[in-house]
Amino acid sequence: MNPFHPLSFARSVTRLADLPPALREVAIGGRSNAGKSSLLNALAQRRRLAYVSKTPGRTREINFYRCGEGRFIVDLPGYGYARVPQAMRQTWGELVSAYLRTRASLAGVVLLMDARHPLMPLDWQLLHWLQESGKPVHAVLTKADKLSRQQALRTLAATRQALDREAPGVSLQLFSSLTRQGADELVERLAYWLEIKNAPG
Ligand SMILES: Nc1nc2c(ncn2[C@@H]2O[C@H](COP(=O)(O)OP(=O)(O)OP(=O)(O)O)[C@@H](O)[C@H]2O)c(=O)[nH]1
Ligand SMILES: [Mg+2]
């Protein structure tokens, strides 16, 4: 049973003051176009819960999806999209960093990266910052369907090595929103962080 099947949109936030009261939540962060919204749709097994676009940089707000009483999965706006105006980039950066720094109910962060180019400079920046904040991080290499099995395993091993060197304690997995490869492992991690009972079977 997937405990995230009943995931539903709760709130879109552009100011810290509008954050909903919460018991526990998990945030999904990563570069623009990495596949954050697609991952949410895959979890919910709904095609259009979170907005997915061919144009990067579309999710500009912090979007809260409810998965039980006081529990949320949070879709963060992506970073690293060059064509976004500087002023707007700064506003999002401030919102996201303040959210990550101050949100007491934040149990952990999923760092989503395209398996074809993981650990870009801004990913490292977020990772190092999260290490300092002490929030646990689960790194997910998505779009695994775009790689051969061998390429995917090679990327997984190389990323594992780099993380062990620079950000020990960060867990890592392959994932695909398209094929649902890795969905069980991801659901398990999220359920654990959110303290949601993951029904067996
Ligand atoms: N093949 C494949 N394509 C994917 C996968 N996940 C996402 N995509 C595609 O990648 C593009 C970006 O996906 P989004 O889910 O919108 O990415 P995002 O991280 O939410 O992007 P922003 O909201 O701009 O930060 C879309 O064209 C998706 O269809 C995947 O696992 N496999
Ligand atoms: Mg998005």
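Throughout what follows, the structure given in this document is the object of discussion. (Residues numbered from 1 in each chain as written. Chains lettered and ligands numbered in written order. Predicted model: local features only at pLDDT ≥ 70, side-chain atom pairs only at ≥ 80, totals over all residues. Heavy atoms only, no water.)

### Description of the environment of Lys197
- With respect to the element layout, Lys197 can be found in the segment after helix H5 (183-194).
- Sequence-wise, Lys197 and Pro3 are 194 residues apart; in three dimensions their C-alpha atoms are separated by 7.7 Å. (Helix = DSSP H or I, 4+ residues; strand = E, 2+ residues; numbered from the N terminus.)

### Focus: the packing of aromatic side chains
- For the coordinates displayed, the defined rule picks out 3 aromatic pairs.
- The interplanar angle of 85° and the centroid separation of 5.5 Å between the aromatic rings of Phe64 and Phe72 together place this pair among those described as edge-to-face.
- Ring geometry for Phe64 and Tyr99: centres 6.4 Å apart, planes at 85°, overall edge-to-face. One end of the pair, Phe64, is in strand S3 (residues 62-66); the other, Tyr99, is in helix H2 (residues 86-102), with 35 residues separating them in the sequence.
- Residue Phe64 is classed as buried on the basis of its relative accessible area, which comes to 0%.
- With a relative accessible area of 0%, Tyr99 lands in the buried category.
- The ring of Trp193 carries Arg189 above its face, with NZ or CZ at 5.4 Å from the centroid. (Phe/Tyr/Trp six-rings, centres within 6.5 Å; stacked < 30°, edge-to-face > 60°. Buried < 20%, exposed > 50% of the residue type's maximum accessible area, 1.4 Å probe, protein only. Lys NZ or Arg CZ within 6 Å of the ring centre and 35° of its normal.)

### Things to note about the sheet that holds strand S2 (residues 24-30)
- In spatial order, the strands read S1-S3-S4-S2-S5-S6-S7; together these 7 strands make up an open sheet with mixed pairing. Edge positions in the sheet fall to strand S1 (8-13) and strand S7 (171-174), since each has one partner strand and no second. Shown here is a sheet whose adjacent strand axes are inclined to one another by a mean of 25°, direction ignored.
- Sheet strands touched by helix H4 (residues 149-166): strand S6 (137-142) and S7. Its angle to S7, the strand with the most contacts, is close to 170°.
- Its contacts with the sheet put H5 on S2, strand S4 (71-75), strand S5 (106-114), S6 and S7, and the angle it makes with S2 is roughly 135°. (Pairing = 2+ DSSP bridges. Axes fitted to C-alpha atoms, helices over the stretch in contact; angles between N-to-C directions. Contact = heavy atoms within 4.5 Å.)

Keep in mind these values describe shape, not function.
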